[in-house]
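Each chain, letter by letter, is given below.
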2 protein chains.
Amino acid sequence: MFPVVVVHGGAGHIPKERSEKSMSGLCSAARAGYVILRGGGSSMDAVVEVVRQLENNPSFNAGCGSVLNAKGEVEMDAIVMDGKALGSGAVSGVCNIANPIQLARLVMNKTSHVCLTSEGANQFARSMGVPEVPPESLITEYSRMRWTKNLAVDADPVECQMGKMGTVGAVAVDSEGNVACATSTGGMLNKMEGRVGDTPCIGSGGYADNLVGAVSTTGHGEAIMKVTLARLILFHMEQGQSVEAASDLGLAYMKSRVGGLGGVVTVDPRGHWAARFSSHQMAWAAAQKDTVHYGLYSGENFTQSIDDPL
Amino acid sequence: MFPVVVVHGGAGHIPKERSEKSMSGLCSAARAGYVILRGGGSSMDAVVEVVRQLENNPSFNAGCGSVLNAKGEVEMDAIVMDGKALGSGAVSGVCNIANPIQLARLVMNKTSHVCLTSEGANQFARSMGVPEVPPESLITEYSRMRWTKNLAVDADPVECQMGKMGTVGAVAVDSEGNVACATSTGGMLNKMEGRVGDTPCIGSGGYADNLVGAVSTTGHGEAIMKVTLARLILFHMEQGQSVEAASDLGLAYMKSRVGGLGGVVTVDPRGHWAARFSSHQMAWAAAQKDTVHYGLYSGENFTQSIDDPL
């Protein structure tokens, strides 16, 4: 069994001027996750570190760089799940926190609950000594520009659609065969205040079970929830499907049944992995056997050695 | 195909002095739902009316009668799902609303989202003209008493456990073969502020799909989420299991895998139904073919005619 980490930076339509930065951010995060696994670290440590790096990277719709809601504010959702005992932690509607993924992990480790929302989640953060950051520190020029653009009466629906891209997530298998997932997002551009998407919803935004595998999802959140996409893919794997086939079956079902597009990264406990999507693009990267794989369009699988300079 | 509605009033340990009121409330609600179905109404109309009545009944942990969180406040979660197109609406962490189930239905019908949380959900309620009620109108003497008792240093853990009982839910099949589910709760007694349980989490607190059936769950919310209990039971039905066998398989898996107890009401689109639980008790009632069935302990199935006086 070869440890592996697979990372996505969101499904959808990624503007050309942003795709290079997205790809280098993903490859860099995948390397960081892989170094943890190679050093004997846990899959949970790896996925949280990967997602923390992507939250801190303003190219993605998570943490700093999150899209803005209808009111022009950042409200973030995140989830982690540990395949060993199905432990999970999630937060929804949190603001003023740099790294919701770390807060989700604290919910898993330090409370008897699975999910905390809004002000209750922020209060918990304070009680754990998680520093509050000024709201504007999470808002990029680009996010503000797109928000303003989408408010215009003649807003282009394709531009609006782009607001859905950029959720980040990761799955990993460590040297002991433990699987884990982590997903973090700013949600949908111009979403209603308080809108909770698929990300913090267990079985939708992610799921991890050492007996089957792990999935992290991205795409049209409402569609993902209606088919509980992550759990659906793992059910297909329980029925004997491979990581690729199960991922494709789940995505095809979502498209045909509720008309939704998206993408997933999937692993099984033996280290097989897949990055699949029904959307136009999904930025992804994977690291295994000292090689980084990455791609953006369907069919792409570029590689670089882990020893190559970034 | 015979229309049916199946209702639960929560899994757990129901104090003797409250069981009679619970049972009569459930039978009355099941009758009301059945009358809607018999008159050609939809399964969604039936489950929402059933749950609305139970929210208004102070004997249950939903709406008026909700348990209090650690701060002594009511925070409620609810979900509806329509099996026709997998449409769903949910709210989490709402307060000052008499009927969260109606708000969940409005989220489904009037927004492009599936779930709204906390202040955002309350703002949406205001925008829809849903009246706000004073917080104390949802708090019963009994809720206050239990909350105070559980704060005591020598609090009895069995009493604490009782705090989990009383979530309400319903599933139904209408004369057109459409299935629907609805679940509503005040959550766990002395929960942290902002704790979101299984109820508003699609696939955990409920799921409905015309091709398979519908489930509404109750019990230990965190355990239900870890196994996405409602969706799990429907997967077993997709594999050919009956409503009873699938429900029992799901509950047994939850017990063995994560040590959680609970209960479910389940229907398939042909009108087969089940009310099953792994907890000590679950108050339930079902109405089909002009007969009301009900029970509290394992193996019970009392009946009354729909024409009998209540």
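All of these numbers come straight from a predicted model, not from anything done at the bench.

Draft legend 1. The overall build of chain A, seen in detail. Secondary structure summary: chain A contains nine helices and 14 strands in total. Its C-alpha atoms give chain A a radius of gyration of 17 Å, within 12% of the compact-globule value 19 Å for 310 residues. The contacts in chain A between residues at least 6 apart in sequence include a share of 66% that link residues at least 24 apart. By element, 52% of the accessible surface of chain A is carried by carbon and sulfur atoms, the whole surface being about 10,700 Å². Within chain A, the 30 negative side-chain charges are centred at a point lying 2 Å from the centre of the 24 positive side-chain charges.

Draft legend 2. Geometry of the pattern of salt bridges. Within the structure shown, the criterion is met by 22 salt bridges over all chains. For Arg257(B), the salt bridge goes to Asp209(A), with nearest N and O atoms at 2.8 Å. Here Arg257(B) is found in helix H9 (residues 243-258), whereas its partner Asp209(A) is found in strand E8 (residues 206-209) on a different chain. Note on Arg257(B): relative accessible area 22%, which makes it partly exposed. Residue Asp209(A) is classed as buried on the basis of its relative accessible area, which comes to 2%.

Draft legend 3. View of the pairing of strand E12 (residues 281-288) of chain B. Residue and element names in this part refer to chain B. By the criterion of burial, E12 is predominantly enclosed, with eight of the eight residues buried. With burial as the criterion, each face of E12 is covered, one bearing Gln-281, Ala-283, Ala-285 and Ala-287 and the other bearing Met-282, Trp-284, Ala-286 and Gln-288. As judged from the seven bridges shared by strand E1 (residues 4-12) and E12, these two strands associate in the antiparallel manner. For His-8, the partnering residue across the bridge sits in E12 and is Trp-284. One ladder, built from five bridges, connects E12 with strand E13 (residues 291-295); its direction is antiparallel. Residue pairing for E13: Trp-284 is matched across the bridge by Gly-295. Where E12 hands over to E13, the hairpin turn is made up of two residues, of which Lys-289 adopts a positive phi near 50°.

Draft legend 4. Main features of the packing of aromatic side chains. Residue and element names in this part refer to chain A. Across all of its chains, the model carries five aromatic pairs over all chains by this definition. For the pair Trp-273 and Trp-284, a centre-to-centre distance of 5.7 Å together with 50° between the ring planes defines the contact as tilted. Taken together, the residues span a long stretch of sequence, with Trp-273 in strand E11 (residues 273-277) and Trp-284 in strand E12 (residues 281-288) at a distance of eleven residues. For Trp-273, a relative accessible area of 16% corresponds to the buried category. The aromatic ring of Phe-235 is capped on one face by Arg-231, whose charged end is 3.7 Å from the ring centroid.

Draft legend 5. Representation of empty space enclosed by the protein within the structure. What the rule picks out here adds up to five cavities of 30 Å³ or more. Estimated volume of the largest cavity: approximately 140 Å³. The wall of the largest cavity is formed by 14 residues, among which Cys115(A), Val196(A), Pro200(A), Val196(B) and Cys201(B) lie closest to the centre. Tallied by class, residues from the lining of the largest cavity come to ten nonpolar, four polar and no charged.

Draft legend 6. Seen up close, the sheet that holds strand E11 (residues 273-277) of chain B. Residues and elements named next belong to chain B. The antiparallel open sheet is built from four strands, whose spatial order is E8-E9-E10-E11. Two strands bound the open sheet, and with one partner strand each, they are strand E8 (206-209) and E11. This sheet shows a mean twist of 10° between the axes of neighbouring strands, independent of strand direction. Sheet analysis places E8 next to strand E9 (residues 213-219), joined by four bridges and oriented antiparallel. Within E9, the residue paired with Ala-208 across the bridge is Ala-214. This element, helix H8 (residues 229-238), spans E8, E9 and strand E10 (262-267) of the sheet and lies at about 140° to E9.

Draft legend 7. Just the interface of chain B and chain A, in detail. At the junction of the two partners, chain B supplies 45 residues and chain A supplies 45 residues. Both faces considered, chain B and chain A share a buried interface measuring about 3,500 Å² in area, 62% of it formed by carbon and sulfur atoms. By the criterion of area lost to chain A, the three top residues of chain B are His113(B), Lys226(B) and Arg257(B), representing 17% of everything that side buries. For the pair chain B and chain A, the number of links is two salt bridges. The interface formed by chain B and chain A contains 18 residue pairs in polar contact (both at pLDDT 80 or more).

Draft legend 8. Local environment of the layout of surface pockets. Its boundaries defined by the atoms lining it, the largest pocket holds a volume of some 670 Å³. Lining of the largest pocket is provided by 38 residues; of these, Ser118(A), Glu119(A), Gly120(A), Ser118(B) and Glu119(B) occupy positions nearest its centre. The leading source of residues in the lining of the largest pocket is helix H4 (residues 118-127) of chain A, at six residues. When the residues that make up the lining of the largest pocket are grouped by side-chain class, the tally is ten nonpolar, 17 polar and eleven charged. In this structure, the second largest pocket spans a volume of roughly 300 Å³.

Draft legend 9. Examining the relation of the copies chain B and chain A more closely. Mapping chain B onto chain A leaves a residual RMSD of 0.0 Å; the transformation is a rotation of 180° accompanied by 0.0 Å of translation along its axis. The superposition of one copy onto the other is thereby described by a two-fold rotation axis. Identified as the residue of chain B closest to the rotation axis by C-alpha distance is Cys201(B), at 3.0 Å. Interface overlap between copies: 100% of the residues of chain B at the interface are likewise at the interface in chain A, consistent with a symmetric, same-surface contact.

Draft legend 10. Layout of the nonpolar core. Among the nonpolar cores identified, the biggest contains 92 residues, and Val6(A), Leu229(A), Val267(A), Val6(B), Leu229(B) and Val267(B) are the most heavily contacted of them. Sequence-distant contacts of Leu229(B), that is, excluding residues within four places in its chain, are made with Gly203(B), Ser204(B), Thr217(B), Ile224(B), Gly250(B), Leu251(B), Met254(B) and Val264(B). Core analysis: the second largest hydrophobic core is formed by 54 residues, Val7(B), Val74(B), Ala180(B) and Ala283(B) among them.

Draft legend 11. View of the sheet that holds E1(B). The ten strands lie next to each other as E7(A)-E4(B)-E3(B)-E2(B)-E6(B)-E5(B)-E1(B)-E12(B)-E13(B)-E14(B), forming an open sheet whose pairing is mixed. The open sheet is flanked by strand E7 (195-196) of chain A together with strand E14 (302-305) of chain B, the only strands paired with a single partner. Here six bridges tie strand E2 (residues 76-82) of chain B to strand E6 (residues 179-185) of chain B, and the two strands are oriented antiparallel to one another. Opposite Asp82(B), over in E6(B), you have Ala180(B) as the bridge partner. In the packing of helix H2 (residues 43-56) of chain B onto the sheet, the strands contacted are E1, E2, strand E5 (168-173) and E6 of chain B, and the crossing angle to E5(B) comes to about 160°. The strands touched by helix H3 (residues 100-110) of chain B within the sheet are E2, strand E3 (87-94), strand E4 (115-117) and E6 of chain B, with E3(B) carrying the most contacts at an inclination of about 130°.

Draft legend 12. Summary view of the side chain of Thr111(A). For Thr111(A), the position within the fold is in the loop between helix H3 (100-110) and strand E4 (115-117). One polar contact links the side chain of Thr111(A) to the main-chain carbonyl oxygen of Val107(A), over a distance of 2.8 Å. Of the polar contacts made by the side chain of Thr111(A), one reaches the backbone nitrogen of His113(A); its length is 2.9 Å. When neighbours within four sequence positions are excluded, Thr111(A) is seen to be in contact with Leu106(A), Phe124(A) and Met192(B).

What counts and how
Residues numbered from 1 in each chain as written. Chains lettered and ligands numbered in written order. Predicted model: local features only at pLDDT ≥ 70, side-chain atom pairs only at ≥ 80, totals over all residues. Heavy atoms only, no water. Helix = DSSP H or I, 4+ residues; strand = E, 2+ residues; numbered from the N terminus. Rg over C-alpha atoms; globule rule 2.2 N^0.38 Å. Contact = heavy atoms within 4.5 Å. Areas by Shrake-Rupley, 256 points an atom, 1.4 Å probe, with all protein chains shown as cover. Lys, Arg positive; Asp, Glu negative; His and termini not counted. Charge placed at Lys NZ, Arg CZ, Asp CG, Glu CD. Salt bridge = Lys/Arg side-chain N within 4 Å of Asp/Glu carboxyl O. Buried < 20%, exposed > 50% of the residue type's maximum accessible area, 1.4 Å probe, protein only. Pairing = 2+ DSSP bridges. Phe/Tyr/Trp six-rings, centres within 6.5 Å; stacked < 30°, edge-to-face > 60°. Lys NZ or Arg CZ within 6 Å of the ring centre and 35° of its normal. 1 Å grid on protein atoms, 1.4 Å probe; cavity = no way out; pocket = protein on both sides within 12 Å on 5 of 7 lines; lining within 4 Å. Points joined across faces, edges and corners; volume = space filled by probe spheres on them. Nonpolar A, V, L, I, M, F, W, Y, C, P; charged D, E, K, R; others polar. Axes fitted to C-alpha atoms, helices over the stretch in contact; angles between N-to-C directions. Buried area = accessible area lost by both parts, 1.4 Å probe. Polar contact = N/O pair within 3.5 Å; in protein donor to acceptor, adjacent residues only side chain to side chain. Least-squares fit on C-alpha atoms with pLDDT ≥ 70 in both. Core = buried A, V, L, I, M, F, W, Y, C linked by side-chain atoms within 4.5 Å.

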